[in-house]
Amino acid sequence: MEICVFGAASVMIDEKYLVEVEKMGEFLAKRGHNLVFGAGGTGCMGAASRGFKKGGGTIHGVVPSFFKEDLDEFVNWECDKMTLTETMRERKAVMEDEADAFIITPGGIGTFEEFFEVLTLKQLGRHRKPIAVYNVNEYYNDIHNAIEHSIKTGFIKPICRSLYKTFDNLDEMAQYLENDTLGDLTVNDFK
């Protein structure tokens, strides 16, 4: 399975996040999975790519061509496959199309946006791919609480909880990614 991992590219985040994301990549690669990601060589993206390589998986980086001029030092140019795009929007579309599942690792604004985009697309019936939030060191507790608040106040239907799952255990996350099914639920159930 091709797993799209979204996560930080920052070089300033605590090592404890990087260690866990690298372990995750190695664990999933040893289960026969491969990585598609934003081609980052630093932060959680870099950690995921190192882990997948360590575990024997392949890595497919997708990056806008303008990174060559402006952000070259953040890119892992040694991916097994590299796709250059014109825009960030095209970059996300390629990753979303290539992926069989998504993992959201700790990240910032870009990662939040990627999570909510694939979540919204799933709610709208544009895909049925599993979305796993890897809650390393409880990083995503506040976003989970915000979603729960929106459910309690009627802005999000409770059934939307089934659109994604949050994990801190790799075995449980892998089981979900490899076996997730929405059953007979359709877009109408989530509106």
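Going by the structure above, here's the rest.
Residues numbered from 1 in each chain as written. Predicted model: local features only at pLDDT ≥ 70, side-chain atom pairs only at ≥ 80, totals over all residues. Heavy atoms only, no water.

Caption draft 1: Main features of the sheet that holds strand β7 (residues 165–167). Across the sheet, seven strands lie side by side as β4-β3-β2-β1-β5-β6-β7; this open sheet has parallel pairing. Strands with a single pairing partner mark the edges of an open sheet, and in this sheet they are β4 (81–85) and β7. This sheet shows a mean twist of 25 degrees between the axes of neighbouring strands, independent of strand direction. Packed on one face of the sheet, helix α2 (residues 43–54) meets β1 (2–6), β2 (34–37) and β3 (59–64) and runs near 160 degrees to β2. Helix-sheet contacts for helix α5 (residues 109–123) involve β1, β5 (101–104) and β6 (131–134), and the interaxial angle to β6 is about 150 degrees. (Pairing = 2+ DSSP bridges. Helix = DSSP H or I, 4+ residues; strand = E, 2+ residues; numbered from the N terminus. Axes fitted to C-alpha atoms, helices over the stretch in contact; angles between N-to-C directions. Contact = heavy atoms within 4.5 Å.)

Caption draft 2: Region of the structure containing empty space enclosed by the protein. Considering all chains together, one arrives at one cavity of 30 Å³ or more under this definition. The computed volume of the largest cavity comes to approximately 30 Å³. Taken together, F115, V133, Y140, I143, H144, I147, Y164 and T166 form the lining of the largest cavity. No other element matches the three residues that helix α6 (residues 141–152) contributes to the lining of the largest cavity. (1 Å grid on protein atoms, 1.4 Å probe; cavity = no way out; pocket = protein on both sides within 12 Å on 5 of 7 lines; lining within 4 Å. Points joined across faces, edges and corners; volume = space filled by probe spheres on them.)

Caption draft 3: Seen up close, the nonpolar core. With 28 residues, the main nonpolar core has V5, M24, L28, I103, M173 and L177 as its most contacted residues. When contributions to this core are tallied by element, the ones reaching two or more residues are β1, α1 (15–30), β2, α2, β5, β6 and α7 (170–179). A per-element tally of this core places α1 first, with six residues. Excluding residues that lie within four positions of it along the chain, M24 makes contacts with V5, A48, I103, T105, Y134, L170 and M173. (Core = buried A, V, L, I, M, F, W, Y, C linked by side-chain atoms within 4.5 Å. Buried < 20%, exposed > 50% of the residue type's maximum accessible area, 1.4 Å probe, protein only.)

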